[in-house]
Amino acid sequence: MVRGVHKKIIEVADTQNEFFERAILIVKEGSRDEDPERLRQKAGDYVSQMGNVALARRKKEKFLRRLGKALAIAAFSIAVVLMIIFLF
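Conventions used here
Residues numbered from 1 in each chain as written. Predicted model: local features only at pLDDT ≥ 70, side-chain atom pairs only at ≥ 80, totals over all residues. Heavy atoms only, no water. Patch = residues over 30% accessible without salt bridge, like charges linked within 9 Å, V, L, I, M, F, W, Y side chains within 5 Å. Areas by Shrake-Rupley, 256 points an atom, 1.4 Å probe, with all protein chains shown as cover. Salt bridge = Lys/Arg side-chain N within 4 Å of Asp/Glu carboxyl O. Lys, Arg positive; Asp, Glu negative; His and termini not counted. Charge placed at Lys NZ, Arg CZ, Asp CG, Glu CD. Helix = DSSP H or I, 4+ residues; strand = E, 2+ residues; numbered from the N terminus. Buried < 20%, exposed > 50% of the residue type's maximum accessible area, 1.4 Å probe, protein only. Pairing = 2+ DSSP bridges. pLDDT = per-residue confidence, 0-100. Core = buried A, V, L, I, M, F, W, Y, C linked by side-chain atoms within 4.5 Å. Contact = heavy atoms within 4.5 Å.

Asker: I'd like a rundown of a positive patch on the surface, residues and numbers included.
Answerer: Together, Lys62, Arg65, Arg66 and Lys69 make up a positively charged patch on the protein surface. Summarising the element assignment, Lys62 is placed in helix H1 (residues 36-87). Judged by relative accessible area, Lys62 falls into the partly exposed class, the value being 44%.

Printed below as a string of structure tokens:
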């Protein structure tokens, strides 16, 4: 158990994320003297940016998955056409 340690914590209640209700951020020691309203604004911006990064990653993964399927279908189709051409 640690005693006597004081951390400045910001809780973001509106994460704008379907999976997470709240986010708790611990303010760096050098930034504790900043304006509390500015810290809240920065915390909100950071949490919403995290959601945007996750969304972009999911979109990219979905795109790559679809591209892979399309390329596999194209390769299979070409193989079938070549077999038909050379066998008949």
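Asker: Mind laying out the pairing of strand S1 (residues 9-12), listing which residues take part and the relevant values?
Answerer: Residues Ile10 and Val12 point to one face of S1 and are all buried, whereas Ile9 and Glu11, pointing to the other face, are not buried. Pairing between S1 and strand S2 (residues 23-26): four bridges, direction antiparallel. Looking across to S2, one finds that Ile10 is bridged to Leu25.

Asker: Can you break down a nonpolar patch on the surface residue by residue, with the values?
Answerer: On the surface, Phe76, Val80, Met83, Ile84, Leu87 and Phe88 cluster together into a nonpolar patch covering about 730 Å² of accessible area. Note that Phe76 resides in helix H1.

Asker: Report on the confidence of the model for the chain, specifying residues and quantitative values.
Answerer: Detailed reading of the predicted coordinates is not advisable wherever pLDDT is low. Residues with a pLDDT of 70 or more make up 88% of the chain, whose mean pLDDT is 82. Least confident of the elements in the chain is S1, whose mean pLDDT is 82; most confident is H1, at 87.

Asker: Mind laying out the nonpolar core, listing which residues take part and the relevant values?
Answerer: One finds Ile10, Val12, Ala23, Val27, Leu39, Ala43 and Val47 forming the largest nonpolar core, which totals seven residues. Looking at this core, the elements that each hand over two or more residues are S1 and H1. The greatest single-element share of this core, amounting to three residues, is contributed by H1. Filtering out sequence-adjacent residues up to four positions away, Val47 remains in contact with Val12, Thr15, Ala23 and Leu25.

Asker: Quick one: what's the story with the environment of Ile26, residue by residue and with numbers?
Answerer: Relative to the elements of secondary structure, Ile26 occurs in strand S2. What makes Ile26 exposed here is its relative accessible area of 54%. In this structure the C-alpha to C-alpha distance between Ile26 and Glu11, which are 15 residues apart in sequence, comes to 8.8 Å.

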